[in-house]
Amino acid sequence: PDGFMPSLCAPGGAIAPVPRHALQGKAQYHGTSMSSPNACGVAACVLSALKQAGLSVGPIELRRALENSARPIESEPFAQGAGLINAPAALAYALEHHGKPAQDLPFALSVPSRGGARGIYLRDAAELQG
């Protein structure tokens with residue numbers, strides 16, 4: 001693995017997604033199977049609100065708004081990315097920064113000495129030494 005870490009996090013614990021028409025009385029699910037749809041729903045709501053405001057943003061600008069407005073939480077920093085996804089803050093960020101230079105500028109980082117691994121991050125404690 002090249003160590004691609006999460007960009008942000010979304011609620012994914014103790015989710016009860018069982019619809020009423022199911023014959024099961026109750027169920028709880030955890031993990032990325034629950035947090036991924038949550039994050040996608042937040043992104044869709046932000047896009048819908050931006051469209052209602054007459055703005056069209058691309059995936060790069062949306063990602064920037066979601067990541068830059070995420071709320072850091074007390075957790076393992078390498079497990080949460082930028083923090084907990086926050087729809088109102090992401091919308092406010094996108095509205096404030098839309099149209100500014102480089103809001104839709106893509107960039108990619110790779111580490112040639114690691115076989116082109118994506119991103120720059122510390123993989124092992126030994127890499128902290130200099």
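Residues numbered from 1 in each chain as written. Predicted model: local features only at pLDDT ≥ 70, side-chain atom pairs only at ≥ 80, totals over all residues. Heavy atoms only, no water.

Some points on the pattern of salt bridges
A complete count under the given rule lists one salt bridge for this structure. One salt bridge in this structure joins arginine 63 and glutamate 67, with 2.6 Å as the shortest N-O distance. Residue arginine 63 and its partner glutamate 67 are both found in helix H2 (residues 59-69); the two are separated by four residues, about one turn of the helix. Owing to a relative accessible area of 45%, arginine 63 belongs among the partly exposed residues under this scheme. (Salt bridge = Lys/Arg side-chain N within 4 Å of Asp/Glu carboxyl O. Helix = DSSP H or I, 4+ residues; strand = E, 2+ residues; numbered from the N terminus. Buried < 20%, exposed > 50% of the residue type's maximum accessible area, 1.4 Å probe, protein only.)

Details of the nonpolar core
One finds Val42, Val46, Leu50, Leu62, Leu66 and Ile85 to be the most contacted residues of the largest nonpolar core, which totals 15 residues. At the level of secondary structure, the elements contributing two or more residues to this core comprise helix H1 (32-52), H2 and helix H4 (87-97). Among the elements that line this core, the one with the most residues is H1, at five residues. Not counting the four nearest positions on each side in its chain, leucine 50 is found in contact with Leu55, Val57, Leu91, Ala94 and Leu95. (Core = buried A, V, L, I, M, F, W, Y, C linked by side-chain atoms within 4.5 Å. Contact = heavy atoms within 4.5 Å.)

What to know about unusual backbone geometry
The backbone of alanine 102 sits at a positive phi, close to 75 degrees, despite the residue not being glycine. Summarising the element assignment, alanine 102 is placed in the loop between H4 and strand S1 (110-111).

What to know about the confidence of the model for the chain
In low-pLDDT regions, the fine details of the predicted coordinates are not to be read closely. On average, residues of the chain carry a pLDDT of 81, and 75% of them reach 70 or more. Considering each helix and strand of the chain separately, the mean pLDDT is smallest for strand S2 (residues 117-118), with a value of 68, and largest for H4, with 97. (pLDDT = per-residue confidence, 0-100.)

A closer look at the packing of H2 against H4
Between H2 and H4, the shortest axis-to-axis distance is 8 Å and the interhelical angle comes to 125 degrees. As judged from the angle between their axes, H2 and H4 are oblique. Considering only the axes of H2 and H4, their crossing is right-handed. On H4, the residues that touch Arg64, Ala65, Leu66, Asn68 and Ser69 of H2 are Ala89, Ala90, Tyr93 and Ala94. Residues belonging to the contact of H2 with H4 are distributed by class as follows: six nonpolar, two polar and one charged. (Axes fitted to C-alpha atoms, helices over the stretch in contact; angles between N-to-C directions. Parallel < 35°, antiparallel > 145°, perpendicular 65-115°, else oblique. Left-handed = near helix turned anticlockwise from the far one by under 90°. Nonpolar A, V, L, I, M, F, W, Y, C, P; charged D, E, K, R; others polar.)

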